[in-house]
Amino acid sequence: MKNTLINLITKSAKQSKDQLFSAIQPARYLQGLNKQQVGRGKTVLITGASSGLGEGMARLFAKLGYNLAICARRAERLERLQIELMAEYPDIRIEYRVLDVSDYDSIFEVFNTFAADFGHIDRVVVNAGIGDSRRIGKGRFDTNRRTVEINFISALAQCEAAMTIFRAQNSGHLVVISSMSAMRGLPKHLTAYGASKAGLAHLAEGIRADMLLTKLPIQVSTIYPGYVRTEINTNAKPLPFEVDAETGTKAIVAAIEAKVNEACVPSLPWSLVGQAMKHLPLQVVNKVS
Ligand SMILES: NC(=O)c1ccc[n+]([C@@H]2O[C@H](COP(=O)([O-])OP(=O)(O)OC[C@H]3O[C@@H](n4cnc5c(N)ncnc54)[C@H](OP(=O)(O)O)[C@@H]3O)[C@@H](O)[C@H]2O)c1
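### Quick notes on the site of the ligand
Phase 1 of the analysis: The local shell around the ligand holds 29 residues, among which Gly48, Gly52, Arg73, Arg74 and Gly129 are the closest.
Phase 2 of the analysis: For the shell around the ligand, the element with the highest residue contribution is helix H3 (residues 52–63), accounting for three residues.
Phase 3 of the analysis: Partitioned by chemical class, the residues of the shell around the ligand number 13 nonpolar, 12 polar and four charged.

What follows is the structure in structure tokens.
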């Protein structure tokens, strides 16, 4: 009993230290993990891996020694990434599958096929998403509905598929890529997008609560990225506190590796901005949108 308690305290102290280090110095934190090759023998499944954050995460996880199960609609991009990473990291296994996440049945098929192929899936990153919502009441219900369907309903299907696999394995790490826009209701083109990402964050928290309740050893992490320059915002003018894809992806992977429950990334300034967004009047919050 005493030993179990000591182990628990030691483990939780180490985890807090890791989470602080990963937030303050993500690049250095990852260097340490890289030396240890923490991913050796483990498999990460990433949706939306054909560009931006998904592609960047795939590159970093490969560097850490993980096998990769990657998917998206653009097969040529996935194939190119597979060839490039296999040449660079010949010891890992990389498989790709074409997946349109608006085809819900396909999500279950693709995830289950990956699980059967690899024998075990250690982590699923629910990342596929789109960002083109429009002002409400301006005749663009089609665009807004599509945004909510891809970013929330398709993400729900991905969480269902991942959790079914994790429950059968009695282990796993579910990661969802939400957004800083989930912190408050936002105006203009961000209204439906932010609502979809808030829904996703709430969904992940509910799954985490369920894991606590049922004492299943499955972790759930919610990542709230700030503005990262990728294809999703190609034509946008300079964005508040924006970072390039490499910086953004390092911050995300460091937070994931530290197994945070929730993280705003990059931690500075977004963890402070997140707190401010939650409490400041809406007129002030409007300034970051
Ligand atoms: N960049 C940011 O500033 C930022 C901030 C907060 C949150 N995020 C979130 O981060 C995630 C990744 O975005 P990103 O910035 O990396 O943008 P991105 O470069 O446009 O990547 C989006 C990815 O999602 C995939 N995708 C889109 N629709 C899909 C569909 N119907 N079926 C399957 N895959 C689909 C795309 O692949 P295919 O087109 O090949 O299918 C692509 O790989 C998104 O969920 C986004 O909301 C981004």
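### Examining unusual backbone geometry
Phase 1 of the analysis: In the segment running from Val265 into Pro266, the intervening peptide bond is cis, with an omega of -15°.
Phase 2 of the analysis: Mapped onto the elements of the fold, Pro266 is located in the loop between strand E7 (262–265) and helix H9 (267–279).
Phase 3 of the analysis: Residue Pro269 follows Leu268 across a cis peptide bond; omega there is 15°.
Phase 4 of the analysis: In this fold, Pro269 is placed in helix H9.

### A look at the environment of Thr222
Phase 1 of the analysis: Tracing the backbone shows Thr222 in strand E6 (residues 218–225).
Phase 2 of the analysis: Note on Thr222: 26 C-beta atoms within 10 Å, which makes it buried.
Phase 3 of the analysis: Considering only alpha carbons, one finds Thr222 and Ala236, 14 residues apart in sequence, at a separation of 25 Å.
Phase 4 of the analysis: Once residues lying within four places of it in the same chain are set aside, the contact partners of Thr222 are Val176, Ser178, Ala201, Ala204, Glu205 and Glu262.

### Notes on the packing of helix H2 (residues 26–36) against helix H8 (residues 245–257)
Phase 1 of the analysis: Close contact between H2 and H8 brings their axes to 9 Å; oriented N to C, the two are set at 55°. Of the possible angle classes, the one that applies to H2 and H8 is oblique. Viewed along their axes, H2 and H8 form a crossing whose handedness is left-handed. Of the residues in H8, those in contact with Pro26, Ala27, Tyr29, Leu30 and Leu33 of H2 are Lys250, Ala251, Val253, Ala254 and Glu257.
Phase 2 of the analysis: By residue class, the composition of the contact of H2 with H8 is eight nonpolar, no polar and two charged.

### Concerning the confidence of the model for the protein
Phase 1 of the analysis: For the protein, mean pLDDT is 95; residues scoring 70 or higher make up 96% of the total.
Phase 2 of the analysis: Per-element averaging of pLDDT across the protein places helix H1 (residues 2–24) at the bottom with 76 and strand E4 (residues 123–126) at the top with 99.

### Some words on the pairing of strand E3 (residues 94–98)
Phase 1 of the analysis: Relative to E3, strand E2 (residues 67–72) runs parallel, the two being bridged by five bridges. If you follow Ala69 over to E3, its bridge partner there is Glu95.
Phase 2 of the analysis: Taking the sense of rotation as the criterion, the β-α-β connection linking E2, helix H4 (residues 75–88) and E3 turns out right-handed.

### Quick look at the nonpolar core
Phase 1 of the analysis: Judged by nonpolar contacts, the single largest core of 75 residues is most densely connected at Phe61, Leu68, Ile70 and Ala255.
Phase 2 of the analysis: Among the elements that take part in this core, helix H6 (residues 141–169) stands out by supplying nine residues, more than any other.
Phase 3 of the analysis: If sequence neighbours within four positions are ignored, Leu68 has contacts with Val44, Ile46, Ala58, Phe61, Ala62, Ile92 and Ile94.
Phase 4 of the analysis: Leu186, Leu190, Ala192 and Tyr193 belong to the second largest nonpolar core, which has five residues in total.

### Some words on the packing of H6 against helix H7 (residues 191–214)
Phase 1 of the analysis: In contact at an axis separation of 8 Å, H6 and H7 are set at 15° when each is read in the N-to-C sense. In terms of their interaxial angle, H6 and H7 are classed as roughly parallel. At the point where H6 passes H7, the crossing takes the right-handed sense. Two secondary-structure elements touch here, H6 through Asn144, Thr147, Val148, Asn151, Phe152, Ala155, Leu156, Cys159 and Met163 and H7 through Ala192, Tyr193, Ala195, Ser196, Lys197, Gly199, Leu200, Leu203 and Ile207.
Phase 2 of the analysis: In the contact of H6 with H7, the residues fall into 12 nonpolar, five polar and one charged.

### With respect to the environment of Ala209
Phase 1 of the analysis: One can find Ala209 in helix H7.
Phase 2 of the analysis: For Ala209, a count of 11 C-beta atoms within 10 Å corresponds to the exposed category.
Phase 3 of the analysis: A sequence separation of 11 residues divides Ala209 from Val220, and the C-alpha atoms of the two residues are 9.3 Å apart.

### Considering the environment of Leu174
Phase 1 of the analysis: Counting through the fold element by element, Leu174 comes out in strand E5 (residues 172–177).
Phase 2 of the analysis: The class of Leu174 is buried, set by 23 C-beta atoms lying within 10 Å.
Phase 3 of the analysis: Beyond its immediate sequence surroundings of up to four residues, Leu174 is in contact with Val124, Cys159, Ala162, Met163, Phe166, Ile207, Ile218 and Val220.

### Quick notes on the sheet that holds strand E1 (residues 43–47)
Phase 1 of the analysis: Pairing is parallel in the open sheet, where seven strands are placed in the order E3-E2-E1-E4-E5-E6-E7. The open sheet has two edge strands, E3 and E7, and neither has a second partner. Averaged over all adjacent pairs, the angle separating strand axes in this sheet is 15°, with direction ignored.
Phase 2 of the analysis: Packed on one face of the sheet, H6 meets E1, E4, E5 and E6 and runs near 170° to E5.
Phase 3 of the analysis: Of the strands in this sheet, E6 and E7 touch H9, which is tilted by about 115° from E7.

The rules behind the values
- Residues numbered from 1 in each chain as written.
- Predicted model: local features only at pLDDT ≥ 70, side-chain atom pairs only at ≥ 80, totals over all residues.
- Near = placed C-beta within 6 Å.
- Helix = DSSP H or I, 4+ residues; strand = E, 2+ residues; numbered from the N terminus.
- Nonpolar A, V, L, I, M, F, W, Y, C, P; charged D, E, K, R; others polar.
- Buried ≥ 20, exposed ≤ 12 C-beta atoms within 10 Å, placed from the backbone.
- Contact = placed C-beta atoms within 7 Å.
- Axes fitted to C-alpha atoms, helices over the stretch in contact; angles between N-to-C directions.
- Parallel < 35°, antiparallel > 145°, perpendicular 65-115°, else oblique.
- Left-handed = near helix turned anticlockwise from the far one by under 90°.
- pLDDT = per-residue confidence, 0-100.
- Pairing = 2+ DSSP bridges.
- Right-handed = clockwise from strand over helix to strand, strands pointing away.
- Core = buried A, V, L, I, M, F, W, Y, C linked by C-beta atoms within 7 Å.

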